[in-house]
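Each chain, written out:
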Amino acid sequence: MTMDAVLARTMVELADTLVADFDVVDLLTLLTTRCVDLLEVDEAGLLIAGVGGDLRTMASSSDQVRLLDLFQLQAEEGPCLDCVGTGERIVNRDMAEDVDRWPRFAVEARAAGFSTVHAIPMRLRGTVLGALNLFSRRPVVLEENDILAAQALADIATIAILQTRAAEEAQTLAQQLSDVLNSRIIMEQAKGVVAERRQLSIADAFDLLRRHARNHNLRLAVLAQRVIDDTSVADTLERDMPRRQGR
């Protein structure tokens, strides 16, 4: 299948998910997975700005990337921060050559096995809501078509965030972003509960939560809150969770 065909199929899949009362956490997680499937990258993550403009992790294709994004925020340096600050794409950055630009992040990225990093802005007119981060273990250069595809996926993430405002016109963008981020915090807590009670990795705990939510037509945030309110709920989740396949 050609790249254009895969991209078109991905857009249709994501558009089908963007329906009324959609699950933003599930959609953005799916988007990071599709970035890995579609582009010449090995991992992807999304950071968005909360109230006051502080960046936080929103979705990632793996826990390794989530931790690397957290390190980027704690170190206050890296391609994502520069991307959000300027609103410009930062692509094909070689971590071996960018030690002077991002001394702490470049070392951490290489230690995690990544050689090339890209950051694509999530923009609404003049406002930058966050960034899509892409990581490659091999020094693969993204061509212009790949970069345009990555921007299209970042734009879908932006639409997904903005769609959360639909409930009430009077609510501000900052409040909606705060709600989304709070949902992510609840999700992280629930993943920890499920992982501990079911003796699973964090990644498999999240897969189990997503599978149960889909099978029972529940929003992930609602299921996560139930798990936090009553940890025994974690024991009732389906056990037929498919294992992740290695890349």
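In what follows, the structure referred to is the one given above.
Residues numbered from 1 in each chain as written. Predicted model: local features only at pLDDT ≥ 70, side-chain atom pairs only at ≥ 80, totals over all residues. Heavy atoms only, no water.

**Topic: the sheet that holds strand β4 (residues 116–124)**
Here we have five strands laid out as an open sheet, ordered β2-β1-β5-β4-β3, and antiparallel in their pairing. Each having just a single partner strand, β2 (55–60) and β3 (90–94) make up the two edges of the open sheet. Each strand of the sheet is rotated relative to its neighbour by a mean of 25 degrees, with strand direction disregarded. Where β3 and β4 come together, three bridges link them in antiparallel fashion. Bridged to Asp-94 within β4 is Thr-116. (Pairing = 2+ DSSP bridges. Helix = DSSP H or I, 4+ residues; strand = E, 2+ residues; numbered from the N terminus. Axes fitted to C-alpha atoms, helices over the stretch in contact; angles between N-to-C directions.)

**A few points about the pattern of salt bridges**
Summed over all chains, the structure comprises 14 salt bridges. With a shortest N-O distance of 3.0 Å, Asp-26 and Arg-214 are connected by a salt bridge. With a gap of 188 residues between them, Asp-26 in helix α2 (residues 24–38) and Arg-214 in helix α8 (residues 202–215) connect regions that are remote in the sequence. Since its relative accessible area comes to 11%, Asp-26 is described here as buried. (Salt bridge = Lys/Arg side-chain N within 4 Å of Asp/Glu carboxyl O. Buried < 20%, exposed > 50% of the residue type's maximum accessible area, 1.4 Å probe, protein only.)

**Comments concerning the packing of aromatic side chains**
With the rule as written, the count across this model stands at one aromatic pair. Each ring, one from Phe-114 and one from Phe-135, has its centre 5.2 Å from the other, and the planes form 45 degrees; the classification is tilted. Residue Phe-114 is located in the loop between α5 (103–111) and β4, and its partner Phe-135 is located in strand β5 (residues 127–136); the two are separated by 21 residues in the primary sequence. The two residues Phe-114 and Phe-135 agree in class, both being buried. (Phe/Tyr/Trp six-rings, centres within 6.5 Å; stacked < 30°, edge-to-face > 60°.)

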